[in-house]
Every structure is written in structure tokens, then in C-alpha cells.
Amino acid sequence: MSGTNETMAESRSALNRRDFLTTAALVGAALPLGSMAWAATSQQAKETAMKTRKLGTLEISEIGAGAMSISANYGPPADVTQGIKTLLTAHDNGVTFFDTAEVYGPYTSEELVGEALAPIRHQVKIATKFGFAIDGTIGLNSRPEHVKQVAEASLKRLKTDRIDLFYQHRVDPNVPIEDVAGAVKDLIQEGKVLHFGLSEPSAKTIRRAHTVQAVTAVQTEYSMMERSPETNGVLAACEELGIGFVPWGPVGMGYLTGKMDGSTRLDPKTDLRTTFERFTPENLAANLPIVEFLMQYADRKGATPSQIALAWLLAQKPFIVPIPGTRNVDHLKENLGALRVDLTLADLAEITAALSNITIHGGRMNEMQMALVDAST
């Protein structure tokens, strides 16, 4: 960890010597992509013309950046310098919303986000999460005193004086949601947190929490492969109450990029997806019809499958802000290219009809993780 901290300290020192654009050039010049790629990034920013959307009263870029996969869960952690470069490139392309959590790593994702965004902190919004007991049990802990302890620790790792959006990462059945909302309300009154969010809650839990402290955003998995928010009441509750919706896994945890098939093998030592039913070799092969449809449709639109998947999400509701995650600058630029994809009402109807004829094989997470998803009615 000391080597990581030294690398971060060196990066921080460099970042403080220049304004953001000069920083971008310095980081780019020190890495394989070089200054030409950074010039291309600036051009990409002009082409994507990022707009804003609102999660409740929180105004952010219409596409955000998920930081989990940079530091954990989808393979070994990326190099710190690469991670910083990816996050800065996202901002240079108009992204102002960055998502992390204390449990990613654990802790290293927050440290990376804090280090990368410190020089531009006033230009961005940062979301992080509490709720797990990081003690080896993989249990939950949303006791009010623990929530406040996590907030203090996250503030330090994020190198900031406020958390823009503080999510409960998973609903804790042992702590009334009203008590959780009350704890976050206290933090908001103290100015340490600005907005309250819930991750993987039921519609009932959303409504209960909202009576104590306004819920700004709800985060759960939502994509062409996972459409349960459309039928379980969560999207409807968000729309009714004026709450924003943040889909994680918007490109099917990487599957909808078209770069996986039945021969794909992920490393079980470093990739959490190997424990999910949808990522068994059998289901990777069985789910290819949705990828084949996306590839054909993307070809018609002069786009890529991931761009169609993201554009489809953006078209569902004006309060939806997907947070695709990547450690790869090229993939980041590809994802942001979804903003150039114009899906008409006829396109959306055609896509909906096609999806209704495609069966998705395998559950979205493993049994243990699904047990932590709030399913109260």
C-alpha cells in the first residue's frame, strides 16, 4: 500500500502544478497514448456535446463514470496512473459525475477518485456508498453510528469536505430505513453530505426513506439484459417522487459490448463476474442472440453495441443517468459516443419488440449477492 500512496502523492504533486488542461497534457505525455490522444480527447468532447440531467435537485452530466472496475472486481486493480488518467479523460469529455464506494478495494477506489479529482473538485460531483461491514463477514452494517463513521473516513479518502451523493449500498434488514435516512439527514445538516441515495432498494423502502429525508437518487442494475426496474415498481416510484435513477451495469457488466462469447474465460481469482450465472460459459453462449441483435442494429446506426445499449437507456426516462465503468480510455470514449446516437420513437419500438423475443439466461448476480438485494413489497 505504501508504494500506491507514494504513486498517488507523486501524481497529486504533478496535478497541483498546472491547471486541468495542462495536467491532462502532462499525464498523457507520460503514458503510452501520448499527447496526440489527448488532443483527440478534446475533439471528442466537442463532438459528444455532453448535456446535463437532474437526479432530484442534483444536476450532473447525462452520463457518469463508475470507478469500481478500475480498482476492483473486474480483474486485478489497474495501475494508479492509468486510473487517474481515465478519470481525468472522462472529465475532459464532459463527465461531471463520478461513482465509487468504500467497499471497492476496499477503500482503494475512493483513494483513487479522491486523488484524481482533487484538483478539479469544484467542477465535479462525487457519489460514494456505505452499508457493508468490511470486517471479513461480507455482512451489512447501516447502524446510524456506523454510517457517520463511514462518512468521516470516506471524506478523508476522497480528499474533500463534502460527499455530493451518499448512497446506502444495500438495505440492512436489521436497521429500520427511517433510522438510516435520519443518520444521513444529520450528515446533510452538518454539511458533510449534500444528497441521500439508495442502492438496490425496493419501491416500498424508497417511499419509507423519502418521508424522513428526500431521496435524490436510486441506483440498481438496469440494462437491455436486466429490465426488472421496469416491472418491480422502482422506476415508477422514482418518477412519481422526483427521484433520479442511476443504472449500474448499463452495458450488461461488459457483455453487451460484443466482446464476449462462449469461449470467454474470466479469472476467478480477480473477477467477481465468474460467480454470476450469466457469466458461465454456457450462458455466455446462450445469450449471444441479444449481442447479435445489438451488433446488427449498431451497424445500421453507424455505432457500436455498447453505444446503442447506452443510448437506449438514456431514451427511457429523462431522469436516468447511466454510469458505465472502465479503466480503458478507448472504451471510455466509445461509451461517451452514445451521446451521438439518435434513437427515434420508431427505433425504440423496434428495439422493444426485438428484446421481447430474446430470452436472457442466468440470474444477474450470485445467490449470496441477490440475498442482499431489498425485495420487500
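Residues numbered from 1 in each chain as written. Predicted model: local features only at pLDDT ≥ 70, side-chain atom pairs only at ≥ 80, totals over all residues. Heavy atoms only, no water.

Colleague: Lay out the sheet that holds strand β8 (residues 165-168) with the relevant residues and their values.
Modeller: Strand order in the open sheet made by the 7 strands is β3-β4-β5-β8-β9-β10-β11, with parallel pairing throughout. Both edges of this open sheet fall to β3 (65-66) and β11 (244-248), since each of them pairs with a single strand only. For strand β4 (residues 97-99) and strand β5 (residues 125-130), the ladder comprises 3 bridges, and the chain directions are parallel. Paired with Phe98 across the bridge in β5 is Ile126. (Pairing = 2+ DSSP bridges. Helix = DSSP H or I, 4+ residues; strand = E, 2+ residues; numbered from the N terminus.)

Colleague: Can you break down the packing of aromatic side chains residue by residue, with the values?
Modeller: Tallied over the entire structure, the rule returns 4 aromatic pairs. Arranged with centres 4.7 Å apart and planes meeting at 50 degrees, the rings of Phe130 and Phe166 form a pair that is tilted. Of this pair, Phe130 sits in strand β5 while Phe166 sits in strand β8; the two residues are 36 residues apart in sequence, bridging distant segments of the chain. Plain terms: the ring middles of Tyr222 and Phe245 are 5.8 Å apart, the flat faces sit at 85 degrees to each other, and that makes the pair edge-to-face. With a gap of 23 residues between them, Tyr222 in the loop between β10 (215-221) and α10 (234-241) and Phe245 in strand β11 connect regions that are remote in the sequence. One exposure class covers both Tyr222 and Phe245, and it is buried. (Phe/Tyr/Trp six-rings, centres within 6.5 Å; stacked < 30°, edge-to-face > 60°. Buried < 20%, exposed > 50% of the residue type's maximum accessible area, 1.4 Å probe, protein only.)

Colleague: Which residues make up the pairing of β5, and what values do they have?
Modeller: Of all the 6 residues making up β5, 5 are buried; the element is thus mostly covered by neighbouring parts of the structure. In this view, the connection linking β4 to its parallel neighbour β5 by way of helix α6 (residues 108-117) has right-handed handedness. Here β5 pairs with β8 via 4 bridges, running parallel. For Ala127, the partnering residue across the bridge sits in β8 and is Leu165. (Right-handed = clockwise from strand over helix to strand, strands pointing away.)

Colleague: Explain the pattern of salt bridges residue by residue, including any values.
Modeller: Inspection of the entire model under this criterion finds 21 salt bridges. A salt bridge links Glu115 to Lys159, with the nearest nitrogen and oxygen atoms 3.6 Å apart. Of this pair, Glu115 sits in helix α6 while Lys159 sits in the loop between α7 (144-157) and β8, placing them 44 residues apart in sequence. Since its relative accessible area comes to 2%, Glu115 is described here as buried. Note on Lys159: relative accessible area 38%, which makes it partly exposed. One salt bridge in this structure joins Arg207 and Glu240, with 3.0 Å as the shortest N-O distance. Here Glu240 lies in helix α10 and Arg207 lies in helix α9 (residues 203-212), a separation of 33 residues in the sequence. (Salt bridge = Lys/Arg side-chain N within 4 Å of Asp/Glu carboxyl O.)

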